Amino acid sequence: MSGQIDSLIDRARMQMEDARALAGVHETRFMDRPSPGRWSAGEQFEHVALTDRPYLGVIETALREARIRGVLGEGPFTGGRIGNWFARSMAPPVRRRMKTMKKLHPASDLTVQNILSNFDQARNELIASMELARGVDLDRTTIRSPFLKLLKMPVSSAYEVLLTHADRHIWLARQIVKDGS
């Protein structure tokens, strides 16, 4: 399982590198909205940071409780059917837009540096959570989505959801800076 966790951590680190590279190469377009009512590339990253935090709190609680209960395992972990479907539904290339709760809309007064700092902090918190997950059976340790209370999934699927959600918004950000769409 160590390799599986290491792979997840590498993916989160690559997402931080992608954000910095995109902002550095296209800084002038990073904050420009492609059209009214659409988010800028930077706002895509801020939305990811806003979405991660509630998930990470629920995941951390579940991991700590799993350790206390002795729900341990080394994997490999495959996730749950519903959580994995949810992650796949978000994967790029983006085919359809998804409605976002108002509380997950990014503030409009942020700077490039604020956004990159918030995104890095959220990714670092995700990495810390994954480190905490080492040795826990991530298929038998479950959470409820902090946004869709009916959605229950293993922590292994929750990590995939968070990473795929970020992949989705990185893909969208690239499209925005590339051609303004």
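Treat the numbers as computed from the prediction; the structure is a model and nothing was measured. (Residues numbered from 1 in each chain as written. Predicted model: local features only at pLDDT ≥ 70, side-chain atom pairs only at ≥ 80, totals over all residues. Heavy atoms only, no water.)

**Student:** Provide a residue-level description of the packing of aromatic side chains, including the pertinent values.
**Tutor:** Under the definition given, this model contains 3 aromatic pairs. Here the aromatic rings of Phe-30 and Phe-45 are separated by 5.8 Å at their centres, their planes lie at 20°, and the arrangement is stacked. In this pair, Phe-30 sits in helix H2 (residues 27–30) while Phe-45 sits in helix H3 (residues 41–69), placing the two residues 15 residues apart along the sequence. Take Phe-30: its relative accessible area is 0%, and that puts it in the buried class. Among the residues examined, Phe-45 registers a relative accessible area of 1% and is labelled buried. When the ring of Phe-45 is compared with that of Phe-119, the centres are 5.0 Å apart and the planes differ by 80°; the resulting orientation is edge-to-face. Placement of the pair is Phe-45 in helix H3 and Phe-119 in helix H5 (residues 112–133), with a sequence separation of 74 residues. (Phe/Tyr/Trp six-rings, centres within 6.5 Å; stacked < 30°, edge-to-face > 60°. Helix = DSSP H or I, 4+ residues; strand = E, 2+ residues; numbered from the N terminus. Buried < 20%, exposed > 50% of the residue type's maximum accessible area, 1.4 Å probe, protein only.)

**Student:** Quick rundown of the nonpolar core? Include the residues and the values.
**Tutor:** Formed by 49 residues in total, the largest nonpolar core has its most connected members in Phe-45, Leu-138 and Tyr-159. Of all the secondary structure elements, the ones that give two or more residues to this core are helix H1 (2–25), H3, helix H4 (81–90), H5 and helix H6 (155–179). By residue number, the principal contributor to this core is H6, which donates 11 residues. Not counting chain neighbours up to four residues away, the residues in contact with Phe-45 comprise Ala-19, Leu-22, Phe-30, Ile-115, Phe-119, Ile-170 and Ala-173. (Core = buried A, V, L, I, M, F, W, Y, C linked by side-chain atoms within 4.5 Å. Contact = heavy atoms within 4.5 Å.)

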